[in-house]
Amino acid sequence: MKIAVLGDIHSNLPALEAVLEDLSSQGINQVYCVGDLVGYGPKPNEVIEIIKAKRIVTVMGNYDDAVAFNLPVCGCNYKSDAERRRGEMSLSWTKAKLTQENRAFLQELPEELSVSLGNRHLLLFHGSPRALNEYLYDFDDVEVFRDIIINYPADIYIFGHTHMPYIKKISDKLFINAGSVGLPKDGNPEACYAIVEISAETKVTFKRVSYPAEQTAEDIIKAGLTEEFAEIVRTGSPIRLTN
């Protein structure tokens, strides 16, 4: 069984289209998305329409939650007033652009998904099973991961939110951050998704896919969003704009 996991698309339509084209030749049995379809990028409705049309099983991200339920903040980890202002502007812009039909779609997304593949139990979520907006970094104390293993039993945990792909093994449990399709922040601007092959030994491959990032950057600026968002798209730079 081979699955593809997308995450943190963030309204970046060209990136999503490139990833879907790439994975179409990978022999994938099922595609999942670990949330944050919207926010920061210029094409929220178009991204949701593709997710619906392709019937991609998706869990709710913190940004999806904020837009869907008209929350005043997205629960993002801003480190300065300037970051907060940019983030709040993006949230307001996305709320205003989203159709009622697509808002209703976001409202119905589950916060986590439990999947059995063969003899493996997978738990998919956005940030953490403890909270949509909790960040799980690969450098976090091992006790953070052990607490999740104890309280949310599974064999494989798959998530996003940090926009930085990684694999972490704790005892016989596997934590997989799928990275970001639409807004990578690990220094590589190419769209990222994960392929997880469930067999006797689980194999994880992070796929990087080039796409016309400049098109998205230009569309961000034309939409009235900020140059900082466009620069992250262009460079994959870990600018302090964590969502």
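Further up the page is the structure itself.
This structure is a prediction, so every number in the text was calculated from the model and none was measured. (Residues numbered from 1 in each chain as written. Predicted model: local features only at pLDDT ≥ 70, side-chain atom pairs only at ≥ 80, totals over all residues. Heavy atoms only, no water.)

1. As for the overall build of the protein
So, point 1. Each helix and strand in the protein was counted, giving 8 helices and 10 strands.
So, point 2. The globule rule puts the C-alpha radius of gyration for 243 residues at 18 Å, and the 17 Å found for the protein is close to it.
So, point 3. Based on the C-alpha atoms only, the size of the protein along its principal axes is roughly 50 × 40 × 35 Å.
So, point 4. Pairs at least 24 residues apart make up 68% of the contacts formed inside the protein by residues separated by at least 6 positions.
So, point 5. Summing over all exposed atoms, the protein offers an accessible surface of approximately 10000 Å²; the carbon and sulfur share of this is 48%.
So, point 6. Of the charged side chains in the protein, 25 are positive and 34 negative, and the gap between their average positions amounts to 1 Å. (Helix = DSSP H or I, 4+ residues; strand = E, 2+ residues; numbered from the N terminus. Rg over C-alpha atoms; globule rule 2.2 N^0.38 Å. Contact = heavy atoms within 4.5 Å. Areas by Shrake-Rupley, 256 points an atom, 1.4 Å probe, with all protein chains shown as cover. Lys, Arg positive; Asp, Glu negative; His and termini not counted. Charge placed at Lys NZ, Arg CZ, Asp CG, Glu CD.)

2. Here we look at the sheet that holds strand 4 (residues 112–117)
So, point 1. Taken in spatial order, the 5 strands make up an open sheet running 4-5-6-8-7, and their pairing is mixed. If you trace the sheet from one side to the other, it starts and ends with strand 4 and strand 7 (166–170), each paired once. The sheet shows a mean angle of 20° between the axes of neighbouring strands, direction not considered.
So, point 2. One ladder, built from 6 bridges, connects strand 4 with strand 5 (residues 120–125); its direction is antiparallel. Bridging across to strand 5, Ser 116 finds its partner in His 121.
So, point 3. Across the sheet, helix 6 (residues 142–151) lies against strand 6 (156–159), strand 7 and strand 8 (173–177), angled at about 70° from strand 7, the strand it touches most. (Pairing = 2+ DSSP bridges. Axes fitted to C-alpha atoms, helices over the stretch in contact; angles between N-to-C directions.)

3. Considering the packing of aromatic side chains
So, point 1. In the structure shown here, the tally under the stated rule is 9 aromatic pairs.
So, point 2. Aromatic pair Tyr 40 and Phe 229: ring centres 5.0 Å apart, planes at 65°, arrangement edge-to-face. With Tyr 40 in the loop between strand 2 (30–33) and helix 2 (44–53) and Phe 229 in helix 8 (residues 227–235), the pair connects residues that are 189 residues apart, well separated along the chain.
So, point 3. Residue classification places Phe 229 among the buried positions, given a relative accessible area of 1%.
So, point 4. Here a set of aromatic residues connected by ring pairs shows up, and it is made of Phe 125, Phe 145, Tyr 157, Phe 159, Tyr 166 and Phe 175. (Phe/Tyr/Trp six-rings, centres within 6.5 Å; stacked < 30°, edge-to-face > 60°. Buried < 20%, exposed > 50% of the residue type's maximum accessible area, 1.4 Å probe, protein only.)

4. Describing the packing of helix 1 (residues 13–23) against helix 2
So, point 1. Between helix 1 and helix 2, whose axes approach to 9 Å, the crossing angle comes to 25°. Taken together, the axis directions place helix 1 and helix 2 in an arrangement best described as roughly parallel. Of the residues in helix 2, those touching helix 1 at Leu 13, Leu 16, Glu 17 and Leu 20 are Glu 46, Val 47, Ile 50 and Ile 51.
So, point 2. In terms of residue class, the contact of helix 1 with helix 2 is built from 6 nonpolar, no polar and 2 charged. (Parallel < 35°, antiparallel > 145°, perpendicular 65-115°, else oblique. Nonpolar A, V, L, I, M, F, W, Y, C, P; charged D, E, K, R; others polar.)

5. A closer look at the state of the cysteines
So, point 1. Using the criterion set out here, one finds 0 disulfides in the structure.
So, point 2. With no disulfide partner, Cys 33 has as its closest neighbouring cysteine sulfur the one in Cys 192, 13 Å distant.
So, point 3. Assessed through its relative accessible area of 1%, Cys 192 is described here as buried. (Disulfide = S-S within 2.5 Å.)

6. Here we look at unusual backbone geometry
So, point 1. Residues other than glycine seldom take positive phi values, yet Ser 11 does so here, at roughly 60°.
So, point 2. If you trace the backbone, Ser 11 turns up in the loop between strand 1 (2–6) and helix 1.
So, point 3. For Arg 55, which is not glycine, the phi torsion reads 55° and is therefore positive.
So, point 4. By the secondary structure assignment, Arg 55 is in the loop between helix 2 and strand 3 (57–58).

7. Here's the deal with the pattern of salt bridges
So, point 1. Per the stated rule, a full pass over the model turns up 11 salt bridges.
So, point 2. Here Arg 130 makes a salt bridge to Asp 147, at a shortest N to O gap of 2.6 Å. A residue pair is termed long-range when its members are at least 10 positions apart, and Arg 130 in the loop between strand 5 and helix 6 and Asp 147 in helix 6 qualify at 17 residues.
So, point 3. Take Asp 147: its relative accessible area is 29%, and that puts it in the partly exposed class. (Salt bridge = Lys/Arg side-chain N within 4 Å of Asp/Glu carboxyl O.)

8. A closer look at the sheet that holds strand 9 (residues 191–197)
So, point 1. Reading across from one edge, 3-2-1-9-10 is the order of the 5 strands in this open sheet, with mixed pairing throughout. Only two strands of the sheet have a single neighbouring strand rather than two, namely strand 3 and strand 10 (203–209).
So, point 2. In the sheet, strand 9 pairs with strand 10 via 7 bridges, with the strands oriented antiparallel. Bridge pairing in strand 10 links Cys 192 to Arg 208.

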